[in-house]
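Spelled out, the chains give:
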Amino acid sequence: MNFNLIYESFFQILKGLGTSLEIIFLSLILGLMLSIFIVIMRLSKNMALNTFSRSFVFIIRGTPLLVQIYFIYYGLAQFPAVRDSIVWIVLKEPFWCGVLALTINTAAYTSEIIRSGLNSIIKGQIESATAFGMTKFMAFKRILLPQAIRQSIPAYSNEIILMIKASSLVSIITIMEMTGIARKIISKTFAPIEVFIAAGIIYLLLNYLVTEIFKKIEKKYSIV
Amino acid sequence: MELLSFGDTGWGDEMLRACFMTLAVSLCAMAFGLVLAIPFVLMKLSQSWILKTFANFFTTIVRGIPELLIIYLFFFGSSAAIMYVASIFGYDGYIEINAFLVGAFCVGIICAAYSTEVLRGAVKAIPKGQIEASHAFGIRGTRMLFGVMIPQTLRIALPGIGNIWQLVLKDTALISVTGLVEIMRQAHVASGSTRNPFLFLVTAAILYLILTTISNKFFQKAETKYSKGFV
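Along each chain, residue indices are assigned from 1 in the same order as the chain's sequence is written. Key to labels: chains lettered from A, ligands numbered from 1, both in the order written. Totals for whole chains, interfaces and linings use every residue, but because this is a predicted model, local features are given only for residues with pLDDT of at least 70 and side-chain atom pairs only at 80 or more, for both listing and counting.

### Observations regarding the environment of Leu101 of chain B
Residues and elements named next belong to chain B.
Then, in step 1: For the purposes of this entry, the term helix denotes a DSSP run of H or I that reaches at least four residues, the term strand denotes a run of E that reaches at least two, and both are numbered from the N terminus. Relative to the elements of secondary structure, Leu101 occurs in helix α4 (residues 99-125).
Then, in step 2: Think of it as a crowd count around each C-beta: if 20 or more other C-beta atoms lie within 10 Å the residue is buried, if 12 or fewer it is exposed, and in between it is partly exposed, with C-beta placed from the backbone throughout. Taking the number of C-beta atoms within 10 Å as the measure of exposure, Leu101 has 14 and is therefore partly exposed.
Then, in step 3: Once the C-alpha coordinates of Leu101 and Val25 are considered, the two residues, 76 residues apart in sequence, prove to be 8.4 Å apart.

Here it is as structure tokens:
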């Protein structure tokens, strides 16, 4: 085992941390926003919206993320219509393709988390809220939403960790984030174990940080 | 559509064969993972803190590090390790390890880490009174293990194992980076040579959806069957 190499590659890989974090943060935030629309569609009485939301979640959760990344990066670029349109500004950059794929992926999983959070609230609470003269919107905002968020926090922290791990996949479409750099070092030095340890430490620290932060948040919002 | 026909001109038969390859790798990985999980579950449930720490170390690392990195480690690491051993015996050529074995091994390890948690939870969910009750009936040792503990553990763990199977199916897509011709790799090769990535990626997605949907149905059936008499 070459400790010097671990040390060197650690700092080289650390240079990719910025890109990794950008991708993770952007897709988490955009994905959370998108997931709220998906949940609203799912809960709506409109058949078309409901079916759309259901099939979106079904397709995204049923296929590997790699297929989704390839589809956006290679599949969409095939059509001249796409290349000529305004979306090409986004789709020609591997970075934004990666962010888009991760956003869509996390939105599907997050929407299920939010939905089960909403479902866990007893219906009687909304009824009593209306009995106290709250409007539907007020009951949603003051009664339903805070409880749903509290219910969803543990599952969402899991989703964030999954996203941190998933962000490594964008290295396949030429983005030089942490795993991309790690791969480059491996093919240069043929020392997979050392590089794995160096990259693994960073990912584990990142995940540890998320777990600790969410433990604090959970404690803050728990009722017991 | 011609591109997806069976025979020499189309890629239909290749895609189908790749689909069976994905299934084969997933099954091997799942079987390996579940078997590997058993010693880790026992370690986690044991009284010894060394064993407990070791098992926790394993599950934390495998679940906290991207799957792709784990695959890179074993794909590049295993041939390096074997070449090192071969060089001791005087062979200096390049040795490449079978991509199927490495792939099934990597995904199996990932599966083992997740299964350990699921199985441990299931064992813990069995009420202690049952062990006492079986002791009272004179049922001990392996008879208690196979007659009381294991059947119940499996029933409780079934939904979790179903989730892990879905995870394994999707993780096998990552093995395509090692060159094993499963759905993802085949789709990539076909899109390269026909310049029609859209079609082949949609086909790949549909194949995965078929696999996940069928296995979902299967696990649902198994769950209803084995939860008869329980609420």
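Now that the structure has been shown, the text picks up again.
### Structural notes on the nonpolar core
Then, in step 1: Counting 106 residues, the largest nonpolar core has Val67 and Ile69 of chain A together with Ile71 and Ala204 of chain B as the members making the most contacts within it.
Then, in step 2: No other element matches α4 of chain B, which puts 14 residues into this core.
Then, in step 3: Think of it this way: build a C-beta for each residue from its backbone, and any pair within 7 Å is a contact. Setting aside residues up to four positions removed in sequence, Ile69 of chain A forms contacts with Gly98, Ala101, Leu169, Val170, Ile172 and Ile173 of chain A. By convention in this section, buried Ala, Val, Leu, Ile, Met, Phe, Trp, Tyr and Cys residues joined through C-beta atoms within 7 Å make up a nonpolar core.

### Re the environment of Leu36 of chain B
All names here are of chain B.
Then, in step 1: Along the chain, Leu36 falls in helix α1 (residues 12-45).
Then, in step 2: Looking at Leu36, the number of C-beta atoms within 10 Å reads 18, which means it is partly exposed.
Then, in step 3: Separated by 72 residues in the primary sequence, Leu36 and Gly108 have C-alpha atoms spaced 8.1 Å apart.

### Brief notes about unusual backbone geometry
Then, in step 1: For Phe190 of chain A, which is not glycine, the phi dihedral falls at a positive 55°.
Then, in step 2: Position of Phe190 of chain A relative to the elements: it lies in the loop between α10 (178-189) and α11 (192-221).
Then, in step 3: Note on Phe190 of chain A: 13 C-beta atoms within 10 Å, which makes it partly exposed.
Then, in step 4: Here the phi dihedral of Arg195 of chain B falls at roughly 55°; this positive angle occurs in a residue that is not glycine.

### Quick look at the interface of chain B and chain A
Then, in step 1: With 28 residues of chain B at the interface, the matching set in chain A holds 28 residues.
Then, in step 2: Those elements that provide at least two residues to the side of chain B that touches chain A are α2 (49-64), α3 (67-88), α7 (183-194) and α8 (197-226) of chain B.
Then, in step 3: With nine residues, α8 of chain B is the largest single contributor of residues to the side of chain B that touches chain A.
Then, in step 4: Amino acids outside the nonpolar list (Ala, Val, Leu, Ile, Met, Phe, Trp, Tyr, Cys, Pro) and the charged list (Asp, Glu, Lys, Arg) are all regarded as polar, and Gly is one of them. Here the residues of the side of chain B that touches chain A are counted per class, giving 20 nonpolar, six polar and two charged.

### Quick notes on the confidence of the model for chain B
In low-pLDDT regions, the fine details of the predicted coordinates are not to be read closely.
Then, in step 1: Every residue is assigned a pLDDT by the predictor, reflecting its confidence on a scale from 0 to 100. When pLDDT is averaged along chain B, the result is 90, and 99% of the positions lie at 70 or above.
Then, in step 2: Interface confidence for the predicted complex, expressed as ipTM, amounts to 0.89; the pTM equals 0.90.

### A word on the packing of helix α8 (residues 123-131) of chain A against helix α9 (residues 136-166) of chain A
Residue and element names in this part refer to chain A.
Then, in step 1: In the contact formed by α8 and α9, the axes pass within 10 Å of each other and the chain directions differ by 135°. For the element pair α8 / α9, the angle class is oblique. As α8 packs across α9, the resulting crossing turns out to be right-handed. Residues Gln125, Ile126, Ala129 and Thr130 of α8 pack against Ala139, Ile143 and Leu144 of α9.
Then, in step 2: Among the residues forming the contact of α8 with α9, the class breakdown is five nonpolar, two polar and no charged. Lines fitted to C-alpha atoms define the axes here, with helix axes fitted over just the stretch in contact, and angles between the N-to-C directions of these axes take values from 0 to 180 degrees. Geometric relationships in this document are graded by angle, where less than 35 degrees denotes roughly parallel, more than 145 denotes roughly antiparallel, 65 to 115 denotes roughly perpendicular, and other angles denote oblique. Helix crossings fall into two classes, left-handed where the near helix is turned counterclockwise from the far one by less than a right angle and right-handed where it is turned clockwise.

### Here we look at the environment of Glu177 of chain A
Residues and elements named next belong to chain A.
Then, in step 1: Mapping Glu177 onto the fold places it in the loop between α9 and α10.
Then, in step 2: Since 25 C-beta atoms lie within 10 Å of it, Glu177 is described here as buried.
Then, in step 3: It is 9.0 Å that separates the C-alpha atoms of Glu177 and Ile23, two residues lying 154 residues apart in sequence.
Then, in step 4: Not counting the four nearest positions on each side in its chain, Glu177 is found in contact with Gly16, Thr19, Ser20, Ile23, Ser167, Val170 and Ser171.

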